Protein chains: 2
Amino acid sequence: MPEILPPDSVGLVTPQTAHFTIPLALDCGRVLPSYDLTYETYGTLNAACSNGVLICHALSGDHHAAGYHSTQDKKPGWWDSAIGPGKPIDTNKFFVVSLNNLGGCKGSTGPVTVNPETGKPFGPDFPIITVRDWVTSQARLGDMLGISQWAAVIGGSLGGMQALQWSIQYPDRLRHCIVIAAAPKLSAQNIAFNEVARQAILSDPEFYAGNYYEYNTVPRRGLMLARMVGHITYLSDDSMRAKFGRELREAKGKLNYGFDEAEFQVESYLRYQGRSFVDRFDANTYLLMTKALDYFDPAADYGDNLTAALKEVQAKFLLISFTSDWRFSSARSREIVKALLDNRKIVSFTEIESPDGHDAFLMPIEPYMQVFEAYMKRVASGVQP
Amino acid sequence: MPEILPPDSVGLVTPQTAHFTIPLALDCGRVLPSYDLTYETYGTLNAACSNGVLICHALSGDHHAAGYHSTQDKKPGWWDSAIGPGKPIDTNKFFVVSLNNLGGCKGSTGPVTVNPETGKPFGPDFPIITVRDWVTSQARLGDMLGISQWAAVIGGSLGGMQALQWSIQYPDRLRHCIVIAAAPKLSAQNIAFNEVARQAILSDPEFYAGNYYEYNTVPRRGLMLARMVGHITYLSDDSMRAKFGRELREAKGKLNYGFDEAEFQVESYLRYQGRSFVDRFDANTYLLMTKALDYFDPAADYGDNLTAALKEVQAKFLLISFTSDWRFSSARSREIVKALLDNRKIVSFTEIESPDGHDAFLMPIEPYMQVFEAYMKRVASGVQP
């Protein structure tokens, strides 16, 4: 944490955990008898309970979206650039709720949680969760907090898919839907990259069919590889060139002619990303998240017709994409825009010029923040006091 | 093999192996005292020894570029679409030489070869080979065959880099240089994908620091992952969509909600590609090939100035790129074209419209074959009988 908190920070925050005892019937056919959701809130819920904003996280995200957990923290939450007093998601105006999704590894019930029925971690026995399941569980969290309708549901990447699913599943429970750097479903290439990540984890001998907790180990190598391949797809060719070029790690500028040492800077960067991810993330959760991505396809229930899937939505939409995002390109956002316009829904769409690839959605790029802020002012103006 | 050989096939071919006893000083500082190169030839060398065409292979290629090894073969050589009587590289006119590169695993000296000094396979002790080393060894093969000047040196991808290196290293030993789907050096993103592939192999417990031969095993999982991630980069998002879409493998159209079975067709395709690669390729060779790619950077010796690097080339050039190739995009070919034009060299460049990504260079796409054939007729017209 910086020595003096910046005035636009939400400051020190404390995660909370809600316990739910109404069984949750999942898409996979199984039922979770009870579960916990860990979440944070920023700002104050108004008397009309009309200023709630739900933040949905992406593949490796969690509930800690803004502020600091302790004075020792070096970094704030993952979307601190967008959430805080005076920021686009203005905590002077909104009551912001950010949760760790079901199946996660940061407090909400997931594979690392001890299964009360067995006294051991769920591990591979944790059911596969879909985006629809998440949205159902998020609606229950809203109920618990007294929020029957969100001013906005907001997410980037896999989080954007949850926002989109909200608009379909609970059309009258959100006034605005903000979908950033997302897609209406994965392409074959997207699924292929997820499959490589999964195979890396599943084939690691220390995965032990998902029961690695019992062996006091983790599939380090597999999870590291999964993160490395994922990370490449979050950046653009251009941003990697700008960041690393073909710079060698050692100033000596000589090639190693060996395999032991990382010699190009991009190699040591990737290895570092992979290694540090292993220390903070669970492999079973990673597997679950990739499946939720692969399975997301709201049009599938409507004869592969996205327009039909979005026919009943009531929210107003903002979609944002980034020029150099090749994981979920602007064309994918335009598919959603088109389907909404086919239904004569109210939709704003901006494509932001950025060299930063898919990761751009997490960055405080000025035109992006301007569009976001202007839209959120419009959201705030519709809030009943 | 088809029951009746097509008239434009080179037919049954037999690989040959040449033994070289003049020590080869390598870029890495080590010396190979002697080595074998396995190669095939198609067509007949003319009296003037002026109709030789050298084919340089890519990452996972070998000497078997055209025809069949036996009547049992299901598939011909890897570039049979381009090599044969009446095909672009017309074996009625040219004497075509195709070799397995040094460090390979298909007959030429490489990690799988028994080191005469130790009586064991070289394994990880095999030196790292550069594109320049390959070209030196290829020139010696040319000497042995009596070819002091090639009518053309031709390659795609990593093979194109070898052709480019030929034009720099032996400017008077080739009349034409044909560089297809290549780049003057890898980008950071390219290196990053190679690094993931290498880490997959190096971290496989069955890699045994490269000495897996002694343990009677192979790093299957690592090599499979390396191939899977590589394969994604050979295809385009569009071609994967066209090939697989989001089609499920089972006709039942139901999701598995599990990790054991491949459920999308793209998953089973990738797994198949990975598995079958393990049966035909050596992991140490794969590592070497990726390093040769990473290290290739002819401009580095000329203050990162590609124009300066190409100043002394004498060959005429044909460059071909493909619109959907995101591994080595058209922009990378244009860098070479620009550097050649800066030097007022003679260069033809065609960008071929294709949805097939990097793999397009191996496919008999009609406009591609037409350009190729027309250019090769020009090459043939300059051949002294």
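Above this text sits the structure in question.
Keep in mind that this is a model prediction, so the values were computed, not measured.

**Q** Now, about the relation of the copies chain B and chain A: what can you tell me, with residues and values included?
**A** Its rotation angle being 180°, the transformation that places chain B on chain A also includes 0.0 Å of axial translation and leaves an RMSD of 0.0 Å. The operation mapping one copy onto its partner corresponds to a two-fold rotation axis. When you check the interface residues of chain B against chain A, 98% turn up at the interface there too, and the contact is symmetric in its surfaces.

**Q** Provide a residue-level description of the interface of chain B and chain A, including the pertinent values.
**A** Of the residues lining the interface, 53 residues belong to chain B; the matching set on chain A comes to 52 residues. Interface area, chain B with chain A, both sides summed: about 4,600 Å², of which 69% is carbon and sulfur. Three residues stand out in chain B for area buried against chain A, namely Arg246, Tyr257 and Phe259 of chain B, and they jointly supply 19% of the buried area on that side. Summed over the shared surface of chain B and chain A, the number is six salt bridges. At the boundary of chain B with chain A, the tally comes to 14 residue pairs in polar contact (both at pLDDT 80 or more). Taken together, the elements giving at least two residues each to the side of chain B that touches chain A come down to α3 (188-202), α4 (220-234), α5 (237-243), α6 (265-280) and α7 (283-295) of chain B. Among the elements that line the side of chain B that touches chain A, the one with the most residues is α3 of chain B, at 11 residues. Taken together, the residues that form the side of chain B that touches chain A break down as 29 nonpolar, nine polar and 15 charged.

**Q** So what's going on with the pairing of strand β11 (residues 150-156) of chain B? Residues and values would help.
**A** Residue and element names in this part refer to chain B. With seven of seven residues buried, β11 is to be regarded as a mostly interior element. Note: strand β5 (residues 52-56) against β11, four bridges, orientation parallel. Opposite Ile55, over in β11, you have Ile154 as the bridge partner. Across six bridges, β11 lies against strand β12 (residues 174-180) in parallel orientation. Pairing of Ile154 across the sheet is with Ile178, part of β12. Crossover β11 to β12 through helix α2 (residues 158-169) is right-handed.

**Q** Talk me through the packing of aromatic side chains; I want residue IDs and the actual numbers.
**A** A complete count under the given rule lists 36 aromatic pairs over all chains for this structure. Between Phe277 of chain A and Tyr286 of chain A, the ring centres sit 5.6 Å apart and the planes meet at 80°, which makes this aromatic pair edge-to-face. Note on Phe277 of chain A: relative accessible area 0%, which makes it buried. Residue classification places Tyr286 of chain A among the buried positions, given a relative accessible area of 2%. Geometrically, the ring pair formed by Tyr212 of chain B and Tyr213 of chain B is tilted, given 4.4 Å between the ring centres and 40° between the ring planes. Three or more aromatic residues link up through ring pairs in this structure, and these residues are Trp78, Trp79, Phe322, Tyr368 and Phe372 of chain A. If you follow Arg227 of chain A out to its NZ or CZ, it ends over the ring of Phe277 of chain A, 4.3 Å from the centre. The lysine or arginine in question, Arg173 of chain B, covers the ring of Tyr170 of chain B, its NZ or CZ lying 5.8 Å from the ring centre.

**Q** Give me the lowdown on the environment of Tyr257 of chain A, citing residues and values where you can.
**A** With respect to the helices, strands and loops of the structure, Tyr257 of chain A is situated in the loop between α5 (237-243) and α6 (265-280). Assessed through its relative accessible area of 25%, Tyr257 of chain A is described here as partly exposed.

**Q** Describe the sheet that holds β12 of chain B, listing the residues and the values that go with them.
**A** As a general point, the strands of a sheet are linked pairwise by backbone hydrogen bonds and lie either parallel or antiparallel. All names here are of chain B. Pairing is mixed in the open sheet, where eight strands are placed in the order β1-β4-β8-β5-β11-β12-β13-β14. Pairing within the sheet leaves two strands with one partner each, and these edge strands are β1 (16-20) and β14 (347-352). Neighbour-to-neighbour, the strand axes of this sheet turn through a mean angle of 20°, independent of strand direction. Together, β1, β4 (35-42), β5, β8 (95-99) and β11 form the strand contacts of helix α1 (residues 131-145), whose direction differs from that of β4 by roughly 60°.

**Q** Outline α2 of chain B, supporting the account with residue identities and numerical values.
**A** An α-helical turn contains 3.6 residues, so any two residues separated by three or four positions project in the same direction. Residues and elements named next belong to chain B. For α2, built from 12 residues, the straight-helix expectation of 16 Å at 1.5 Å per residue is met to within 8% by its first-to-last C-alpha distance of 16 Å. A large share of α2 lies buried, amounting to 11 of its 12 residues. Every buried residue of α2 is accounted for by Leu158, Gly159, Gly160, Met161, Gln162, Ala163, Leu164, Gln165, Trp166, Ser167 and Ile168.

**Q** Mind laying out the state of the cysteines, listing which residues take part and the relevant values?
**A** Simply put, disulfide is the name for a covalent bond between the sulfur atoms of two cysteines. Residues and elements named next belong to chain A. By the definition in use, this model includes zero disulfides over all chains. Cys177 takes part in no disulfide bond, and the closest cysteine sulfur to it belongs to Cys56, at a distance of 8.7 Å. Accessibility expressed as a relative area gives 0% for Cys177, which makes it buried.

**Q** Residues and numbers for the side chain of Glu195 of chain B, please.
**A** For Glu195 of chain B, the position within the fold is in helix α3. For Glu195 of chain B, a relative accessible area of 1% translates into the label buried. Residues within four places of Glu195 of chain B in sequence aside, it is in contact with Met228, Glu267 and Arg271 of chain A.

**Q** Report on the side chain of Gln199 of chain B, specifying residues and quantitative values.
**A** Summarising the element assignment, Gln199 of chain B is placed in helix α3. By relative accessible area, Gln199 of chain B is classed as buried at 12%. Once you skip the residues sitting within four places of it in the chain, Gln199 of chain B turns out to touch Leu225, Met228 and Arg271 of chain A.

**Q** Any details on the pairing of β14 of chain B? Residues and values, ideally.
**A** Residues and elements named next belong to chain B. Here strand β13 (residues 316-322) runs beside β14; their pairing, made up of six bridges, is parallel. Its bridge partner lying in β14, Phe317 is registered against Val347. Note that the unit made of β13, helix α9 (residues 330-342) and β14 has a crossover that is right-handed.

**Q** Residue-level account of helix α1 (residues 131-145) of chain A, with values.
**A** Residues and elements named next belong to chain A. Helix length check: α1 (15 residues) gives 21 Å between terminal C-alpha atoms against 21 Å at 1.5 Å per residue, within 8%. With respect to burial, α1 is a largely interior element, 12 of its 15 residues being buried. By the burial criterion, the buried members of α1 are Val131, Asp133, Trp134, Val135, Thr136, Ser137, Gln138, Ala139, Arg140, Leu141, Gly142 and Leu145. Once α1 finishes, Gly146 follows within two positions and takes phi at roughly 80°, a positive value.

**Q** Describe unusual backbone geometry, with residues and values.
**A** Non-glycine residue Tyr257 of chain A carries a positive phi angle of around 55°. With phi around 60°, Ser157 of chain B is a residue other than glycine that occupies positive phi space. Tracing the sequence through the fold places Ser157 of chain B in the loop between β11 and α2.

Procedures and definitions
- Residues numbered from 1 in each chain as written.
- Chains lettered and ligands numbered in written order.
- Predicted model: local features only at pLDDT ≥ 70, side-chain atom pairs only at ≥ 80, totals over all residues.
- Heavy atoms only, no water.
- Least-squares fit on C-alpha atoms with pLDDT ≥ 70 in both.
- Contact = heavy atoms within 4.5 Å.
- Buried area = accessible area lost by both parts, 1.4 Å probe.
- Salt bridge = Lys/Arg side-chain N within 4 Å of Asp/Glu carboxyl O.
- Polar contact = N/O pair within 3.5 Å; in protein donor to acceptor, adjacent residues only side chain to side chain.
- Helix = DSSP H or I, 4+ residues; strand = E, 2+ residues; numbered from the N terminus.
- Nonpolar A, V, L, I, M, F, W, Y, C, P; charged D, E, K, R; others polar.
- Buried < 20%, exposed > 50% of the residue type's maximum accessible area, 1.4 Å probe, protein only.
- Pairing = 2+ DSSP bridges.
- Right-handed = clockwise from strand over helix to strand, strands pointing away.
- Phe/Tyr/Trp six-rings, centres within 6.5 Å; stacked < 30°, edge-to-face > 60°.
- Lys NZ or Arg CZ within 6 Å of the ring centre and 35° of its normal.
- Axes fitted to C-alpha atoms, helices over the stretch in contact; angles between N-to-C directions.
- Expected span 1.5 Å × (residues − 1).
- Disulfide = S-S within 2.5 Å.

Interpretation note: all reported values are geometric properties and have no functional meaning in isolation.
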